[in-house]
Amino acid sequence: MNLILSIESSCDDSSIALTNIDTLEVIEHLKVSQELEHSYYGGVVPELASRLHASALPRLLERLKPYFSDIKAVGVTTHPGLSVSLHEGVIMAKAISTFLEVPIIGVNHLMGHVYSLFIQKNQKLPLLALLVSGGHTQLLRVESYNKMQILATTIDDSVGEAYDKVAKMLNLGYPGGPIIEKMALKGNRDRFNFPVPLRNSKEIAFSLSGLKNAVRLQIEKLGNTITEQDKCDIAASFELAVIKHLLQKSKKVFKEDTSEYFAIVGGVSANKFIKNSFKNLCKEFNKELLEVDLKYTSDNAVMIGRWAIEALKNGKVNSIEDIKVKATKRVKVGDYLEV
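Structure report, in brief. Quantities reported herein were computed from a predicted structural model and do not represent experimental measurements. Per chain, residues are indexed from 1 in the order of the written sequence. Only residues with pLDDT of at least 70 get local features here, since the model is predicted, and only at 80 or more are side-chain atom pairs given and counted; chain-wide, interface and lining totals rely on the full set of residues. Side-chain metrics rest on all non-hydrogen atoms present in the structure, leaving aside hydrogens and water.

Next up on the list: the packing of aromatic side chains. For Phe, Tyr and Trp, rings pair up if their centres lie within 6.5 Å, where Trp contributes its six-membered ring, and each pair is then called stacked (planes under 30 degrees apart), edge-to-face (over 60) or tilted (otherwise). Evaluation of the coordinates by the stated rule reveals eight aromatic pairs. Taken together, a centroid distance of 5.0 Å and an interplanar angle of 90° make the contact between Tyr40 and Tyr41 edge-to-face. Residue burial is assigned from relative accessible area. The probe radius is 1.4 Å, only protein chains are included, and a residue is buried under 20% of its type maximum, exposed over 50%, and partly exposed in between. Among the residues examined, Tyr40 registers a relative accessible area of 70% and is labelled exposed. Look at Tyr41 and you get partly exposed, because its relative accessible area is 49%. Taking 5.1 Å as the distance between ring centres and 70° as the angle between the ring planes, the aromatic pair formed by Tyr163 and Phe238 counts as edge-to-face. Taken together, the residues Tyr163 in helix α5 (residues 159-169) and Phe238 in helix α8 (residues 228-254) connect sequence positions 75 residues apart. Classification of Tyr163 as buried rests on a relative accessible area of 2%. For a ring to carry a charge above it, either NZ of a lysine or CZ of an arginine must fall within 6 Å of the ring centroid while also lying within 35 degrees of the normal to the ring plane. The positively charged end of Lys287 is found above the aromatic ring belonging to Phe254, 5.5 Å away from the centroid. Secondary structure follows DSSP: runs of H or I at least 4 residues long count as helices, runs of E at least 2 residues long count as strands, and numbering of each begins at the N terminus.

As structure tokens, this is what we get:
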């Protein structure tokens, strides 16, 4: 077999995978989540994440030793993400590449999320992709594995970050996304008329800070009398405002876009209400909705390996000296994701 070993450590998931370069079959996918350790703090603590990666990654790699003779390349996330966490994956990847004398490929984490669509399958391009995660909210035009243009981005909080913060305000725990989604199912979406961000603005951008503040004010208004049902109604009303916002801004791009395919990627793409809402929008504009397998929506090494395979097939590999953690850059509409 010709395998690529891939490593993901950009935030709070330690993940290593092996993928067949020729058939795209996932041979192994090992992952250790740090959710429990960070939940005590209500969010990810970078230094703690780094230490946990340093402990978990070598243990995961040990389980893949029988495949070492089949590894023909190494792919690793280099940006964006928590620098102290990324360093752990990069250090390991460089050591393996040197020891096995195989090429190494640095991967943009966001491009990896887009390629989570094509795990164990061929790519369908060009496409329009909405990337919604804990750290990013972007609408991308994907032309090829290394050409992804930002059509819209958030001007403050990401969708995932807003979910986490609302959950924290309601004392619901971390991570907030799945908790808010579950509570929203038991809530009345029409009870609280939260504002839809940038509703009257022609700007194609995302913003969640105002909505988040409106939720905070409502929680303060209810005070100590807040009930479990109140929390469910707040979660449902908040989620409805988020979806209306995402749909309104995405629809503006849909009207001008000629792509046959649309996809939602990133951790928040696991949200069924968001996914179903975009299914209806795709029907309206006659686009095929591409979906990520649920187990690959969150951060994982398989998506990193899938993107790296495309780079490898196109002869785009890096030298050991070139592989380093890259600083997270501020992006604007019109920019292309940095390879």
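With that settled, the discussion passes to the pattern of salt bridges. Salt bridges are counted wherever a side-chain nitrogen of Lys or Arg sits within 4 Å of a carboxyl oxygen of Asp or Glu. According to the stated counting rule, one finds 20 salt bridges in the structure shown. Members of the salt-bridge network, linked through shared partners, are Asp157, Glu161, Lys165 and Lys212.

Along the chain, Leu125 connects to Pro126 via a cis peptide bond; the corresponding omega equals -5°. Mapped onto the elements of the fold, Pro126 is located in the loop between α4 (109-115) and β6 (127-132). The residue after Tyr174, namely Pro175, is reached through a cis peptide bond having omega -5°. The topology assignment puts Pro175 in the loop between α5 and α6 (176-184). Its identity as a non-glycine residue notwithstanding, Gln120 has a phi of 60°, on the positive side.

Right, let's get into the side chain of Thr153. Take Thr153: it is sitting in strand β8 (residues 147-153). The buried category is assigned to Thr153, whose relative accessible area is 12%. With near-sequence residues (within four places) excluded, Thr153 lies in contact with Thr137, Gln138, Ala205, Phe206, Val331 and Val333. Only heavy atoms matter for contacts: two residues are in contact if any of them lie within 4.5 Å across the pair.

The values reported here are purely geometric and, on their own, carry no functional implication.
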